[in-house]
Amino acid sequence: MRTWCWVMMFLLFSPCALAQAEEAQEEYETVAFVGRLISIRPLPPACEGEPQREDRICISFDAIFLARYEIVDMVAGHLSVNEIDIRVADHYGFPQFARHPHALLFVAVGRDAFDLHKYQGYGVYRTASNAWASCGDPLYRNQYYDPPQPTEQIFMEDFGPASKRKKLVADGVFLKGDLVAVAGRLRCLKGQPLSTIYEETRTGVMKARGIELPAWRASAP
C-alpha cells in the first residue's frame with residue numbers, strides 16, 4: 001500500500017508526468033458548420049495494432065470513422081479550407097447524421113486533426129427560403145428536457161417516391177412520422193430550423209461539456 005502511494009505521488013508531481021498531462025490536454029478550437037458529405041469510411045479499431053502487455057488491457061468502446069465533408073455554410077468559428085477529414089467516434093455503429101447528404105457539425109479543431117464532438121452532428125436540408133432545417137426532430141435524442149417542438153417547414157425538394165418511405169424509416173434516416181406522402185412523393189412538413197438546433201446544442205450539450213460557443217447570429221444561414 002505504501003509503495004503504491006509513493007508511485008502515485010511521483011506521477012502527480014514528477015515534471016515529466018505533468019508535461020505529458022499538459023500535452024494530453026491539448027487546446028483546441030470548436031467550429032460549427034453545415035457540410036456536404038463527400039465520403040465516409042471506417043477506420044481500424046483503436047486497439048488494433050496495440051502491443052499486448054500483461055499490465056495493460058486495451059478495450060475499444062466506439063466504432064471510428066473518417067468522414068470527408070465540403071464546408072457549405074460556416075455557423076461559428078472560421079476554417080481556411082473548403083474540405084476537411086473529420087474523425088467520428090460512435091458507440092452505436094454508423095453515425096446517424098452521415099445518412100443525410102448535409103449535416104450541421106460541431107467539430108474540434110486540433111493541431112493535426114479534426115474531431116467531431118461526440119454525437120454532435122445533425123442532418124439538415126435546404127428550405128424554400130434557402131435556409132437549413134432538419135426533417136423531423138433530431139433534438140429529442142440529445143436533450144435531458146423537452147426541446148422546442150418542430151415547426152412547419154417548406155423544403156426546397158421532396159424526398160423521393162412514396163415507395164421509399166418504408167426503407168428510409170427502416171434504415172433509421174427518418175422517424176416514422178417525419179415523412180408524408182403527397183401525390184405519390186415523400187414530403188417533410190415539420191422540422192427544427194438550423195438556429196434552433198445550434199442554440200439548443202450550444203446551451204445544452206456543449207455548455208455541459210465546458211465548451212463555450214458564440215450565440216446564434218442573425219446573419220448566419
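From a predicted model like this one, the values you see are computed outputs, not experimental measurements.

Colleague: How would you explain the overall build of the protein if you had to name every residue and give the values?
Modeller: In terms of helices and strands, the protein carries four helices and eleven strands. For the protein, the proportion of contacts with a sequence separation of at least 24, taken over those separated by at least 6, is 65%. Summed over its atoms, the accessible surface of the protein is roughly 13800 Å², and 55% of this surface lies on carbon and sulfur atoms.

Colleague: Summarise the sheet that holds strand S4 (residues 102–109); cite the residues concerned and give the values.
Modeller: As summarised here, the arrangement of the five strands in space is S1-S2-S3-S5-S4, forming a closed barrel in which the pairing is mixed. On average, adjacent strands in this sheet sit at an angle of 55 degrees to one another, irrespective of strand direction.

Colleague: Now, about the pattern of salt bridges: what can you tell me, with residues and values included?
Modeller: Inspection of every chain in the model, using the stated rule, returns eight salt bridges. Two residues, Asp 115 and Arg 87, come together in a salt bridge whose shortest N-O distance is 2.7 Å. Of this pair, Asp 115 sits in strand S5 (residues 114–123) while Arg 87 sits in strand S3 (residues 83–90), and the two are 28 residues apart along the sequence. Given the relative accessible area of 38%, Arg 87 is considered partly exposed. Linked through salt bridges whose partners overlap, the residues forming this network are Arg 68, Glu 83 and Asp 85.

Colleague: Got a sec to walk through unusual backbone geometry? Specific residues and values, please.
Modeller: At Asn 130, a position not held by glycine, the phi torsion is positive, near 65 degrees. Positive phi outside glycine occurs at Ala 183, with the angle close to 55 degrees. Note on placement: Ala 183 falls in the loop between strand S9 (179–182) and strand S10 (185–188).

Colleague: I'd like a description of the confidence of the model for the protein, backed by residues and values.
Modeller: Overall, the prediction assigns the protein a mean pLDDT of 83, with 77% of residues at 70 or greater. Confidence over residues 1–25 falls short of pLDDT 50; this stretch has four contacts with residues more than four positions distant or in other chains.

Colleague: Any details on the packing of aromatic side chains? Residues and values, ideally.
Modeller: The tally for this structure, following the rule as stated, stands at nine aromatic pairs. A centroid spacing of 5.3 Å and a plane angle of 90 degrees characterise the contact between Phe 159 and Phe 174, whose relative ring orientation is edge-to-face. Here Phe 159 is found in the loop between strand S8 (151–152) and helix H3 (165–170), whereas its partner Phe 174 is found in the loop between H3 and S9, with 15 residues between them in sequence. We note that Phe 159, like Phe 174, is buried. Ring centres 5.8 Å apart and planes at 55 degrees place the aromatic pair Tyr 198 and Trp 216 in the tilted group. Taken together, the residues span a long stretch of sequence, with Tyr 198 in helix H4 (residues 194–208) and Trp 216 in the segment after H4 at a distance of 18 residues. On the basis of relative accessible area, Trp 216 is assigned to the partly exposed category, the value being 22%. Joined through ring pairs, the aromatic side chains of Phe 106, Tyr 122, Tyr 198 and Trp 216 make up one cluster.

Colleague: Pulling in residues and values, what's your account of the nonpolar core?
Modeller: With 18 residues, the main nonpolar core has Phe 33, Tyr 69, Leu 79, Ile 86, Phe 97, Leu 105 and Val 107 as its most contacted residues. With sequence-adjacent residues up to four places away left out, Tyr 69 is seen in contact with Gly 35, Arg 36, Leu 37, Ile 38, Asn 82, Glu 83, Ile 84, Ile 86, Phe 97, Ala 98, Ala 103 and Leu 105. Grouped together as the second largest cluster of nonpolar side chains are 16 residues, Leu 194, Met 206, Ile 211 and Leu 213 included.

Colleague: With reference to specific residues and values, describe H4.
Modeller: In this model H4 runs 20 Å from its N-terminal to its C-terminal C-alpha over 15 residues, within 8% of the 21 Å that 1.5 Å per residue would give. The principal kink in H4, of about 35 degrees, is found at Arg 202. Buried residues of H4: Leu 194, Thr 196, Ile 197, Tyr 198, Glu 200, Thr 201, Arg 202, Gly 204, Val 205 and Met 206, and no others. Next to the buried residues of H4 lie strand S1 (29–42), strand S2 (63–76), S4, S5 and strand S7 (132–133).

Here is what the cut-offs are and how they apply
- Residues numbered from 1 in each chain as written.
- Predicted model: local features only at pLDDT ≥ 70, side-chain atom pairs only at ≥ 80, totals over all residues.
- Heavy atoms only, no water.
- Helix = DSSP H or I, 4+ residues; strand = E, 2+ residues; numbered from the N terminus.
- Contact = heavy atoms within 4.5 Å.
- Areas by Shrake-Rupley, 256 points an atom, 1.4 Å probe, with all protein chains shown as cover.
- Pairing = 2+ DSSP bridges.
- Axes fitted to C-alpha atoms, helices over the stretch in contact; angles between N-to-C directions.
- Salt bridge = Lys/Arg side-chain N within 4 Å of Asp/Glu carboxyl O.
- Buried < 20%, exposed > 50% of the residue type's maximum accessible area, 1.4 Å probe, protein only.
- pLDDT = per-residue confidence, 0-100.
- Phe/Tyr/Trp six-rings, centres within 6.5 Å; stacked < 30°, edge-to-face > 60°.
- Core = buried A, V, L, I, M, F, W, Y, C linked by side-chain atoms within 4.5 Å.
- Expected span 1.5 Å × (residues − 1).
- Bend = angle between axes of the 7 residues up to and from the residue.

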